[in-house]
Amino acid sequence: MKVRLVVISALCALLVPATAAAGKKKDAPAPAAPVETGPATAAPSDANSQKFLAKLLTTSLKDFRPSDAGGAEFKYSEATFGAGNVFAAKGFVEMDGERMDCTETGTWKMDAADTDKSASVEWVIAKTDCAGRDAGASVRVKMTIDKDGVNTEFR
């Protein structure tokens, strides 16, 4: 009987680690690092506004005249509306055949979107080195963003 207990004990000693290893769950993968989303962006939370916002944040406004004033030509070559409601534009002022490149930065906000492709957007210039432009100036347009690009109408 003693031998039988020793054999059973020996078998148990061999089987316990094997069965424990067989039943052991694989280590769970490490949780993914949080996605870096950038600064919070203030915008209306309805579905159309959020869809428009996604388009606005990934689209550039190109060859846009933010002023209809006479005299020198002033145009944004490219303007972007970034996360955190940050606005940035590269442009130029041209008069009598002389062109001066310039930049403007500031903040932007949007009204609730009319559709997932259209909303009124306003930006306020905080800093500019464009001749004839001043900090505090604002531009308000209705933007439509679709497969053909960005269309604007002054508001």
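Residues numbered from 1 in each chain as written. Predicted model: local features only at pLDDT ≥ 70, side-chain atom pairs only at ≥ 80, totals over all residues. Heavy atoms only, no water.

Draft legend 1. View of the overall build of the protein. If you tally the helices and strands in the protein, you get two helices and seven strands. From first element to last, N terminus to C terminus, the protein shows the α and β order α-α-β-β-β-β-β-β-β. Expressed as a percentage of the 155 residues in the protein, the buried residues total 23%. Partitioning the intrachain contacts of the protein with sequence separation of at least 6 by distance along the chain shows that 41% fall at a separation of at least 24. Just so you have it, the protein exposes about 10,300 Å², and 57% of that area is on carbon and sulfur atoms. (Helix = DSSP H or I, 4+ residues; strand = E, 2+ residues; numbered from the N terminus. Buried < 20%, exposed > 50% of the residue type's maximum accessible area, 1.4 Å probe, protein only. Contact = heavy atoms within 4.5 Å. Areas by Shrake-Rupley, 256 points an atom, 1.4 Å probe, with all protein chains shown as cover.)

Draft legend 2. Representation of the packing of aromatic side chains within the structure. Evaluated as defined, the whole model comprises nine aromatic pairs. Here the aromatic rings of Phe 81 and Phe 87 are separated by 5.3 Å at their centres, their planes lie at 45°, and the arrangement is tilted. Judged by centre distance (5.2 Å) and plane angle (65°), the rings of Phe 81 and Trp 123 are edge-to-face. Here Trp 123 lies in strand E5 (residues 118-128) and Phe 81 lies in strand E2 (residues 73-82), a separation of 42 residues in the sequence. The pair Phe 81 / Trp 123 is uniform in exposure class, with both members buried. By way of ring pairs, the aromatic residues Phe 64, Phe 74, Tyr 76, Phe 81, Phe 87, Trp 108, Trp 123 and Phe 154 are connected into one cluster. Lying over the aromatic face of Phe 92, Arg 99 brings its terminal NZ or CZ to 3.8 Å of the ring centre. (Phe/Tyr/Trp six-rings, centres within 6.5 Å; stacked < 30°, edge-to-face > 60°. Lys NZ or Arg CZ within 6 Å of the ring centre and 35° of its normal.)

These figures come from the coordinates and say nothing about function on their own.
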